[in-house]
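Here are the chains, one letter per residue:
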Amino acid sequence: MKNKKIFITICTLLVVVFSINLYKHLTDKVQVRIEKSNKFTEDEINSAVITVKKKFNFKGCELTDIWYSEKEANVLTEAYLKNGRGSENDVKEKNVIVLLSNFNVNSSGGDGSFEPNSTQSNWSWTLIRDSKTGKWQVDDWGY
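Read on for an overview of the structure. Everything numeric here is computed off the predicted structure, so don't read it as measured data.

Thresholds applied
Residues numbered from 1 in each chain as written. Predicted model: local features only at pLDDT ≥ 70, side-chain atom pairs only at ≥ 80, totals over all residues. Heavy atoms only, no water. Buried < 20%, exposed > 50% of the residue type's maximum accessible area, 1.4 Å probe, protein only. Helix = DSSP H or I, 4+ residues; strand = E, 2+ residues; numbered from the N terminus. Pairing = 2+ DSSP bridges. Right-handed = clockwise from strand over helix to strand, strands pointing away. Polar contact = N/O pair within 3.5 Å; in protein donor to acceptor, adjacent residues only side chain to side chain. Contact = heavy atoms within 4.5 Å.

1. Section: the pairing of strand 2 (residues 61-68)
Then, number 1: With seven of its eight residues buried, strand 2 lies for the most part within the structure.
Then, number 2: Here strand 1 (residues 31-34) pairs with strand 2 via four bridges, running parallel. Residue pairing for strand 2: Arg 33 is matched across the bridge by Trp 67.
Then, number 3: Each parallel crossover has a hand, and for strand 1 linked through helix 2 (residues 42-55) to strand 2 it is left-handed.
Then, number 4: Across six bridges, strand 2 lies against strand 3 (residues 96-105) in antiparallel orientation. Counted as the bridge partner of Cys 61 is Val 105 from strand 3.

Okay, structure coming up:
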């Protein structure tokens, strides 16, 4: 009985370690570029990147690039705050970050909403948080 418990424990640990390594392998293929920012620290931006990687679950698609460009992000943040969901949720500009990404779509067109065998470029991810120390949450995405 004791050997059976040890065997089950070892098998469980092996499955957990394998799963973690597989997840890291899949997400390590994503190229990340972060430009210098006057608004956010590198840690804040990296935290947003991790949030997007976790959120990216488009069927039949593979995230290839994700980046932060303050110049592009400022334009998209302004549009979000004036005309998008930011005009409804009272989030402050200092608590909004926009990342951009590229991803490949397989032959099925992902879930059928994308062009098969294509690359989606400059896909934006708008993330918000409650405060400077709050966790980022994806609030909007698309072109």
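Back to the text.
2. Section: the side chain of Ser 101
Then, number 1: Here Ser 101 lies in strand 3.
Then, number 2: Exposure remark for Ser 101: the relative accessible area of 0% places this residue in the buried category.
Then, number 3: In this structure the side chain of Ser 101 is engaged in a polar contact, spanning 2.8 Å, whose partner is the side chain of Trp 125.
Then, number 4: Residues contacting Ser 101, with those up to four places away along its chain left out, are Leu 63, Asp 65, Ile 66, Trp 67, Gln 120, Ser 121, Asn 122, Trp 123 and Trp 125.

3. Examining the side chain of Asn 102
Then, number 1: Relative to the assigned elements, Asn 102 resides in strand 3.
Then, number 2: By relative accessible area, which is 15% here, Asn 102 ends up buried.
Then, number 3: Setting aside residues up to four positions removed in sequence, Asn 102 forms contacts with Leu 63, Thr 64, Asp 65, Trp 67, Gln 120, Ser 121 and Asn 122.

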